[in-house]
Amino acid sequence: MVDSGGLWTPPEDELGEALQTAQLLIEEGRADEAGPYQQRVIELARERAGEHPDHYEAKHLMAATQYELAGSLNASGRHEEALAALHEAQLGYTELSDAGVLDATSFLADVRARRAMTQAHRGHGATAVLEMDGAVIAYGQLVSGPDGPKYQPDFARVLAMNALILRRYGDPALAVASADAATQLFLQLADQINDSPQSLSYARYLCSATAVSADVHAAEGRLDLALEADEIGLTTADTLADSESATDLRTLVAALTRKGKHLGIVGRIMDGEACLRTAFDTDAETAARVTEELDRGLPLNLVSALENAEIKLGPFEQYHRLVALSEPAPGMTLATVSGRTDPESAAVRASELAELVGPLLLQDVDAALTLGLESHYLFAISSERESHRMRYETSTYAPTWAKVLLDISAAYHQAGRSEMALDLAGWCAEVATALVPFTDDDTVMKDLAGSCYRHHGDLLAATGDLMASQHAHDAAEQLQLGR
């Protein structure tokens, strides 16, 4: 992104110079070097806002720079600090929106999208999927509005980010739909984007989208579509590599590796080997990483997991209703989990998925985890959209949600995926809090909520966060004591 069409114009002084330097480094793919300049911009803008409380231009600049700083911190591996910067950006944009001086819809959507990428970097994939879902929906509404064309390039960018996260933590079928939509939109807007100051950034997101498209189409046997995506990605990456950025060079090597592997699959052995040889000669580490990623394959998609469940558990009554989630809900495009169904139905379908998870964990862990995650995503979306079921039938749906979170978090922990386990345990503790009002005269509910708190506490302790772990265990103890 970025923050365009807002309140401020860069001043011609130290603040302006720091801002210009930071933006130049970002455009050159050197975001990790931009942080000190962004910190200085924030300091100077804060001084000006402090002197003049109604200096909304300075407050806007602070929020925008906090957002950009989060990107720089992520590039440096400082993800916790990035989340703190994004929190400040969100507060700043919300203040401007509440003051009536800025329509912050797109800016808050961008904060969600970058927070999603930050959570993904931390391995907190479940939170990442849901944050990005919200960002895509917000941009989808903006491009359908009266100023739609203005938001199209950033809608394509957010779709590309969504595809990256879904490829790793969601349904590959959703990931490729999002990636293909992003690619198509980027190509349609090529002339507009090429004239944009953010043209290099958009080109990098196009490369991300084509990589996901190629991976999923190839895995599903659609090699013609995979090679088409490879060609677009490689051409774009080759142009980007002229920037002499190490990041852009790695993108080119990744594109060469993908194309080489896919050419080999279709029988063009010599062409494929030439691509791979160039990739490994240029950057062997990146080429090896991409090769390993491709060899590892993709997560199960929803339909495959349901098919596996039917084989392992025998026919079940809700099978066809759940398979129907693989088709978009009326008026929706299926590139997000929330596009599967409406918020009211989401809670029901989530419960039906959850019924399968416990028994399936004993026979097919991968399929169980896929169905468990999809159940969690649907519960969370139904809750965030404040469906009638999640608001007024909490005692019916929240226990099922808590139980499936407890089960899949434990399974991820057992599989050695501690970050994902902790992420889900955090959600489990939040749902447990929603159960507390129902625990006074329901020992089963009380035991479930206590188990959620204790599980979260145990995983926090395993990460070394002993203070937070103690708080979680204290909450479980107070619940048992009826306090």
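Everything quoted here is computed from the prediction, not taken from an experiment.

S.K.: Residues and numbers for the overall build of the protein chain, please.
M.R.: For the protein chain, the count of helices and strands is 23 helices and zero strands. Relative to its length of 483 residues, the protein chain is compact, with a C-alpha radius of gyration of 23 Å against a globular reference of 23 Å. In terms of its C-alpha atoms, the protein chain occupies a principal-axis envelope of roughly 70 × 65 × 45 Å. In the protein chain, once contacts between residues fewer than 6 apart in sequence are set aside, the share between residues at least 24 apart is 65%. Counting every atom, the protein chain has about 21,700 Å² of accessible surface; 51% of that belongs to carbon and sulfur. Taking the average place of the 36 positive charges on the side chains of the protein chain and the average place of its 74 negative ones, the gap between the two points comes to 3 Å.

S.K.: Which residues make up the pattern of salt bridges, and what are the values?
M.R.: For the structure on display, the rule yields 28 salt bridges. For Glu95, the salt bridge goes to Lys59, with nearest N and O atoms at 2.8 Å. Residue Glu95 is found in helix α4 (residues 79-98), and its partner Lys59 is found in helix α3 (residues 56-75); the two are separated by 36 residues along the sequence. Among the residues examined, Lys59 registers a relative accessible area of 17% and is labelled buried. Through salt bridges that share partners, Arg112, Arg115, Glu131, Asp133, Glu384 and Arg385 make up one connected network.

S.K.: Please provide a residue-by-residue account of the nonpolar core, values included.
M.R.: Counting 102 residues, the largest nonpolar core has Met132, Ile165, Leu306, Leu371, Tyr377 and Trp401 as its most contacted members. Lining this core are residues from two domains, each supplying at least three of them: domain 1 (148-299) and domain 2 (304-481). The contacts of Tyr377, once residues within four sequence positions are left out, are Gly125, Ala126, Val129, Leu130, Tyr169, Val337 and Met420. The next biggest cluster of nonpolar side chains, apart from the first, holds 17 residues, and it includes Ala63, Leu96, Leu102 and Ala104.

S.K.: A description of helix α5 (residues 105-121) should follow, citing residues and the corresponding values.
M.R.: Taking 1.5 Å of rise per residue, the 17 residues of α5 would be expected to cover 24 Å, and the 25 Å separating its terminal C-alpha atoms lies within 8% of that figure. In terms of burial, α5 is largely enclosed, as 13 of its 17 residues are buried.

S.K.: An account of the packing of aromatic side chains is requested, with residue identities and associated values reported.
M.R.: One pass over the full model with this rule turns up six aromatic pairs. Pairing Tyr93 with Phe107 gives two aromatic rings, centres 5.0 Å apart and planes at 15°, and the pair type is stacked. A residue pair is termed long-range when its members are at least 10 positions apart, and Tyr93 in helix α4 and Phe107 in helix α5 qualify at 14 residues. Given a relative accessible area of 0%, Tyr93 falls into the buried group. Among the residues examined, Phe107 registers a relative accessible area of 5% and is labelled buried. Ring centres of Phe379 and Trp401 lie 5.6 Å apart, and the angle between their planes is 20°; this geometry places the pair in the stacked category. Of the two residues, Phe379 is situated in helix α18 (residues 365-384) and Trp401 in helix α20 (residues 394-414); the sequence distance between them amounts to 22 residues. Of the residues examined, Phe379 reaches a relative accessible area of 0% and is grouped as buried. Residue classification places Trp401 among the buried positions, given a relative accessible area of 7%.

S.K.: If you had to explain helix α17 (residues 343-361) to someone new, which residues and values would you point to?
M.R.: Look at α17: 27 Å from first C-alpha to last across 19 residues, which is about the 27 Å you get at 1.5 Å a residue. Capping of α17 at its N-terminal end is provided by Asp342; its side-chain oxygen lies 3.1 Å from the backbone amide nitrogen of Glu344.

S.K.: Describe the confidence of the model for the protein chain, and please don't skip the residues or the numbers.
M.R.: Per-residue confidence for the protein chain gives a mean pLDDT of 89; residues scoring 70 or more make up 94%. No element of the protein chain has a lower mean pLDDT than helix α1 (residues 14-27), at 71, and none a higher one than α18, at 97.

S.K.: Break down the domain arrangement of the protein chain for me, citing the residues and quoting the values.
M.R.: One can read the domain layout of the protein chain as domain 1 (148-299) and domain 2 (304-481). With centres defined by C-alpha atoms, the gap from domain 1 to domain 2 works out at 33 Å. Counting residues at the interface gives seven residues for domain 1, matched by ten residues for domain 2. Buried area between domain 1 and domain 2, both sides added, is near 660 Å², and the carbon and sulfur share of it is 59%. Summed over the three residues of domain 1 that lose the most area to domain 2, namely Tyr169, Asp171 and Leu174, the buried surface amounts to 65% of that side. At the surface where domain 1 touches domain 2, the tally comes to one salt bridge. Here Arg340 makes a salt bridge to Asp171, at a shortest N to O gap of 2.9 Å. Applying the counting rule to domain 1 against domain 2 returns three residue pairs in polar contact (both at pLDDT 80 or more). Mapped onto the side of domain 1 that touches domain 2, the elements with two or more residues apiece are α7 (148-169) and α8 (172-188). Classifying every residue of the side of domain 1 that touches domain 2 gives four nonpolar, two polar and one charged.

S.K.: Describe the environment of Ala229, naming the residues involved and giving the relevant values.
M.R.: Position of Ala229 relative to the elements: it lies in helix α11 (residues 223-240). Note: C-alpha distance between Ala229 and Ala209 (20 residues apart in sequence) is 8.7 Å. Setting aside residues up to four positions removed in sequence, Ala229 forms contacts with Thr210, Ser213 and Ala214.

S.K.: Describe the environment of Leu435, naming the residues involved and giving the relevant values.
M.R.: By secondary structure assignment, the location of Leu435 is in helix α21 (residues 418-435). Every residue in contact with Leu435, bar those within four places of it in the chain, is listed here: Ala398, Pro399, Ala402, Met445, Leu448 and Ala449.

Cut-offs applied
- Residues numbered from 1 in each chain as written.
- Predicted model: local features only at pLDDT ≥ 70, side-chain atom pairs only at ≥ 80, totals over all residues.
- Heavy atoms only, no water.
- Helix = DSSP H or I, 4+ residues; strand = E, 2+ residues; numbered from the N terminus.
- Rg over C-alpha atoms; globule rule 2.2 N^0.38 Å.
- Contact = heavy atoms within 4.5 Å.
- Areas by Shrake-Rupley, 256 points an atom, 1.4 Å probe, with all protein chains shown as cover.
- Lys, Arg positive; Asp, Glu negative; His and termini not counted.
- Charge placed at Lys NZ, Arg CZ, Asp CG, Glu CD.
- Salt bridge = Lys/Arg side-chain N within 4 Å of Asp/Glu carboxyl O.
- Buried < 20%, exposed > 50% of the residue type's maximum accessible area, 1.4 Å probe, protein only.
- Core = buried A, V, L, I, M, F, W, Y, C linked by side-chain atoms within 4.5 Å.
- Domains from an automatic or database assignment.
- Expected span 1.5 Å × (residues − 1).
- Phe/Tyr/Trp six-rings, centres within 6.5 Å; stacked < 30°, edge-to-face > 60°.
- Polar contact = N/O pair within 3.5 Å; in protein donor to acceptor, adjacent residues only side chain to side chain.
- pLDDT = per-residue confidence, 0-100.
- Buried area = accessible area lost by both parts, 1.4 Å probe.
- Nonpolar A, V, L, I, M, F, W, Y, C, P; charged D, E, K, R; others polar.

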